Amino acid sequence: MRILLDGMGGDNAPAEIVKGAVEALAESNLEITIIGKEDEIYAQLEKYEYDSQRLSVVNATQIIENDDSPVKAVRRKQDSSMVKGLNMLKEGKGDVMVSAGNTGAYMAGALLILGRIPGIERPAIASIYPIVGGETCLIVDAGANSECRPRNLLEFGIMGSLYMEKVMSRRRARVGLVNLGVEENKGTALTKEAFVLLKDSSLNFVGNVEAREVPKGAADVIVCDGFTGNVILKLSEGFAMNLLKNIKKKLTEGATTRVGALLVRNKLRELTKDFNYEEEGGAPILGVNGHVIKMHGSSGSYAVKNAILKSAVFAQQNVVEQITSAMEGVESAKQAEEV
């Protein structure tokens with residue numbers, strides 16, 4: 001399995017990117033190609049011992065910055081690590097690409113260079129969401145599309161369901177639609193029409209899901225527009241981290257409570273781990289014609305390592321091919337109904 005890694009993307013590039021690549025190499029038999037300014041990347045690699053037969057560097061002289069206009073950056077910075085990596089993926093020089101760079105540019109680049117899967121109108125970011133005391137769920141879309149049509153939400157449900165089945169081994173994943181009430185007639189025109197499409201599909205649709213039910217594991221796949229999904233993710237992350245921080249503070253305020261803190265220390269660490277985005281490493285962009293993983297912009301080496309290792313499973317399961325086949329079935333059924 002060949003991993004293409006954007007060596008210059010993200011707040012901590014290239015140091016943490018290179019460190020994460022070396023750590024992933026030590027825990028797998030993967031082949032990793034780091035794309036970026038080779039002098040800077042090799043300077044970081046000198047700090048480590050690694051299998052040089054499985055790690056290579058491809059020089060790229062430009063960097064797409066976070067404040068760059070996405071489409072303009074992709075078109076004008078052809079020798080950037082991100083664009084060069086996506087072109088290598090298209091040319092078959094890698095099986096999956098991983099980047100922590102500019103999200104808008106990464107999405108635009110994937111669309112312009114790799115194209116959409118036939119039948120998919122809007123590719124989406126699929127982000128793992130932690131469930132306390134249960135299995136994780138998947139939020140689709142987590143930030144790629146602020147405005148959607150009902151058809152797009154159906155596509156998100158199909159893609160998310162396939163991802164959970166093929167990558168997370170979740171058979172007949174339960175699909176829920178984020179809404180402000182569980183009743184079928186609740187919500188906006190978008191959610192009402194999307195409800196009908198999801199209900200009439202072959203998905204294991206469990207109906208509307210209120211935001212408060214998401215952390216309880218109400219569904220395996222949470223379908224929503226990208227604006228809503230991103231708010232859910234960031235609100236949950238911020239709330240969880242602040243809650244855990246305050247619990248820790250309360251437990252260490254006095255001598256008696258400090259003793260109690262020692263007794264529950266391991267459990268608190270487990271909870272912190274549950275809500276740490278670095279455990280998953282990255283989120284797949286579903287709907288583009290290639291295996292593409294987006295990491296958090298502030299990813300450290302641990303997140304990079306996990307993103308690389310989990311991206312291999314994404315590619316091994318041929319998720320792009322699975323979505324392509326599923327959408328062919330959807331289009332065939334649609335055409336049959338119209339006849």
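Below or above, wherever it landed, is the structure these notes cover. (Residues numbered from 1 in each chain as written. Predicted model: local features only at pLDDT ≥ 70, side-chain atom pairs only at ≥ 80, totals over all residues. Heavy atoms only, no water.)

This next bit is on the overall build of the chain. Along the chain, the regular secondary structure elements total 12 helices and 11 strands. The buried share of the chain, taken over its 339 residues, is 47%. Counted over contacts in the chain with a minimum sequence separation of 6, partners at least 24 positions apart contribute 70%. For the chain, the exposed surface amounts to about 16300 Å²; the carbon and sulfur share of it is 49%. (Helix = DSSP H or I, 4+ residues; strand = E, 2+ residues; numbered from the N terminus. Buried < 20%, exposed > 50% of the residue type's maximum accessible area, 1.4 Å probe, protein only. Contact = heavy atoms within 4.5 Å. Areas by Shrake-Rupley, 256 points an atom, 1.4 Å probe, with all protein chains shown as cover.)

This part covers the side chain of Asp-6. Examined against the element boundaries, Asp-6 turns out to sit in strand β1 (residues 2-6). One buried charged residue, Asp-6, forms no salt bridge at all, with the nearest opposite charge on Lys-294 at 8.5 Å. Reaching out from Asp-6, the side chain makes a polar contact with the side chain of Ser-99 at a distance of 2.8 Å. The contacts of Asp-6, once residues within four sequence positions are left out, are Ile-17, Ile-35, Ser-81, Met-82, Met-97, Val-98 and Ser-99. (Lys, Arg positive; Asp, Glu negative; His and termini not counted. Salt bridge = Lys/Arg side-chain N within 4 Å of Asp/Glu carboxyl O. Polar contact = N/O pair within 3.5 Å; in protein donor to acceptor, adjacent residues only side chain to side chain.)

Across the five residues that make up β1, a large majority, four, are buried. You can see the chain leave β1, run along helix α1 (residues 15-26) and come back into strand β2 (residues 31-36), and the turn it takes is right-handed. Pairing of β1 with strand β4 (residues 96-99) involves three bridges; the strand directions are parallel. In the strand pairing of β4, Ile-3 is matched with Val-96. (Right-handed = clockwise from strand over helix to strand, strands pointing away. Pairing = 2+ DSSP bridges.)

It is worth spelling out a nonpolar patch on the surface at this point. A contiguous nonpolar surface patch, about 320 Å² in accessible area, is contributed by Phe-227, Val-231 and Leu-235. Take Phe-227: it is sitting in helix α8 (residues 226-251). (Patch = residues over 30% accessible without salt bridge, like charges linked within 9 Å, V, L, I, M, F, W, Y side chains within 5 Å.)

What follows is about the sheet that holds strand β3 (residues 55-59). On the basis of which strands lie adjacent, the open sheet formed by 11 strands has the order β3-β2-β1-β4-β11-β10-β5-β6-β9-β7-β8 and mixed pairing. Two strands in the sheet have a free side with no partner beyond their single neighbour: β3 and β8 (204-209). Strand-to-strand twist of the sheet, defined as the mean angle between neighbouring strand axes without regard to direction, takes the value 25 degrees. One ladder, built from three bridges, connects strand β10 (residues 282-286) with strand β11 (residues 292-295); its direction is antiparallel. The residue of β11 that forms the bridge with Gly-282 is Met-295. Docked against the sheet, helix α5 (residues 103-114) engages β4, β5 (124-129), β10 and β11, running at close to 170 degrees with respect to β11. (Axes fitted to C-alpha atoms, helices over the stretch in contact; angles between N-to-C directions.)

Turning to the pattern of salt bridges, a few remarks are in order. What the rule picks out here adds up to 18 salt bridges. Notably, a salt bridge pairs Lys-166 with Glu-165, separated by 3.6 Å at the nearest N-O pair. Given a relative accessible area of 23%, Lys-166 falls into the partly exposed group. Linked through salt bridges whose partners overlap, the residues forming this network are Glu-135, Arg-170, Arg-174 and Asp-220.

One pair of aromatic rings is described through two measures. These are the centre distance and the angle between the planes. Counted according to the given criterion, the structure contains two aromatic pairs. Residues Phe-195 and Phe-205 carry aromatic rings whose centres are separated by 5.2 Å and whose planes lie at 75 degrees to one another, so their mutual orientation is edge-to-face. In this pair, Phe-195 sits in helix α7 (residues 189-199) while Phe-205 sits in strand β8, placing the two residues 10 residues apart along the sequence. Comparing Phe-195 with Phe-205 shows no difference in burial state: the two are buried. (Phe/Tyr/Trp six-rings, centres within 6.5 Å; stacked < 30°, edge-to-face > 60°.)

Let us look at the nonpolar core. One finds Leu-5, Ile-32, Ile-308 and Ile-323 to be the most contacted residues of the largest nonpolar core, which totals 59 residues. Not counting the four nearest positions on each side in its chain, Ile-32 is found in contact with Ile-3, Leu-5, Ala-21, Ala-24, Leu-25, Arg-54, Leu-55, Ser-56 and Ile-308. By size, the runner-up hydrophobic cluster in this structure holds 37 residues, among which are Met-82, Val-83, Met-107 and Cys-137. (Core = buried A, V, L, I, M, F, W, Y, C linked by side-chain atoms within 4.5 Å.)

Moving on, we get to the packing of helix α4 (residues 81-90) against α5. It is at 10 Å that the axes of α4 and α5 come closest, and there the two elements cross at 35 degrees. Two packed elements cross with a definite hand, and for α4 against α5 that hand is right-handed. Counting all contacts with α4, which are made through Met-82, Val-83, Leu-86, Asn-87, Leu-89 and Lys-90, the residues of α5 involved are Ala-105, Tyr-106, Gly-109, Ala-110, Ile-113 and Leu-114. Counted by class, the contact of α4 with α5 contains nine nonpolar, two polar and one charged residues. (Left-handed = near helix turned anticlockwise from the far one by under 90°. Nonpolar A, V, L, I, M, F, W, Y, C, P; charged D, E, K, R; others polar.)

The subject of this paragraph is unusual backbone geometry. Ala-13 connects to Pro-14 through a cis peptide bond whose omega is 0 degrees. Summarising the element assignment, Pro-14 is placed in the loop between β1 and α1. Positive phi outside glycine occurs at Ser-169, with the angle close to 55 degrees. Tracing the backbone through its elements, the reader meets Ser-169 in the loop between α6 (150-166) and β7 (174-178). In this structure Ser-169 comes out as exposed when scored by relative accessible area, which is 61%. Its identity as a non-glycine residue notwithstanding, Arg-172 has a phi of 50 degrees, on the positive side. Tracing the chain through its elements places Arg-172 in the loop between α6 and β7.

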